[in-house]
Every structure is written in structure tokens, then in C-alpha cells.
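Given next are the chains, with one letter for each unit.
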Amino acid sequence: DIKYEADLWLAMTYNQNREFEKSNTILDNLNKNIRSGKAPSKIDKDFQMVYADYFILQNNYQPAIKHLQRAIELSSKK
């Protein structure tokens, strides 16, 4: 589980450093691992927020909205 959390932190760091290509690679891999069940579903909410941040920092708001809405859905399920 810690590997996936570390990947999220690494993606956030790349986002803040505007290294979007590196961040995108990590986020794509995380997405595959979450969907396939390899990564724990509990990180999905944080994953959605980091992915939204990825788009917001690039002024690409439409896809960010989708990820924020999903994060809200996952937050309300608790």
C-alpha cells in the first residue's frame, strides 16, 4: 500500500514542479493499478484529487471537474 501512496506524493511533487509528463506517467500507472485491483481502493479519492490538480495547474479545467466530482462521490461514501 505504501508504494501507491508514495507514487501519489511523487506525482504531486511533479505537478508542483510543472513536470507534467512525469506526473502523467505515474498517474496513468496508478489509474491502471486502482482499476485492476492491484492498488487499494482507499487511495482512489486522493488519486482523483491529484489528477484534478494535474489538470488545474495546466489550466485544463474540464477534465479536472470530472476528477473532482469523483473525489466528492468517494468522500460521501464514508
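These numbers come from a predicted model, not from an experiment.

Scoring rules and cut-offs
- Residues numbered from 1 in each chain as written.
- Predicted model: local features only at pLDDT ≥ 70, side-chain atom pairs only at ≥ 80, totals over all residues.
- Heavy atoms only, no water.
- Patch = residues over 30% accessible without salt bridge, like charges linked within 9 Å, V, L, I, M, F, W, Y side chains within 5 Å.
- Areas by Shrake-Rupley, 256 points an atom, 1.4 Å probe, with all protein chains shown as cover.
- Salt bridge = Lys/Arg side-chain N within 4 Å of Asp/Glu carboxyl O.
- Helix = DSSP H or I, 4+ residues; strand = E, 2+ residues; numbered from the N terminus.
- Buried < 20%, exposed > 50% of the residue type's maximum accessible area, 1.4 Å probe, protein only.
- Polar contact = N/O pair within 3.5 Å; in protein donor to acceptor, adjacent residues only side chain to side chain.

Engineer: Would you mind showing me how to read a nonpolar patch on the surface here?
Structural biologist: A surface patch of nonpolar side chains, amounting to about 260 Å² of accessible area, comprises Ile56, Tyr61 and Leu68. Note that leucine 68 resides in helix H4 (residues 61-76). Assessed through its relative accessible area of 37%, leucine 68 is described here as partly exposed.

Engineer: Honestly, the environment of glutamine 58 in this entry has me stumped. Any pointers?
Structural biologist: Position of glutamine 58 among the secondary structure elements: in the loop between helix H3 (44-56) and H4. Judged by relative accessible area, which is 32%, glutamine 58 ranks as partly exposed. The sequence separation of glutamine 58 and phenylalanine 20 amounts to 38 residues, and the corresponding C-alpha distance is 8.6 Å. At 3.0 Å, the side chain of glutamine 58 forms a polar contact with the backbone oxygen of tyrosine 54.

Engineer: Explain the pattern of salt bridges to me, please; I cannot follow it from the model alone.
Structural biologist: Counted according to the given criterion, the structure contains 6 salt bridges. In this structure, arginine 35 engages aspartate 44 in a salt bridge whose closest nitrogen and oxygen atoms are separated by 3.5 Å. On the accessibility criterion, aspartate 44 (4% relative accessible area) is buried.

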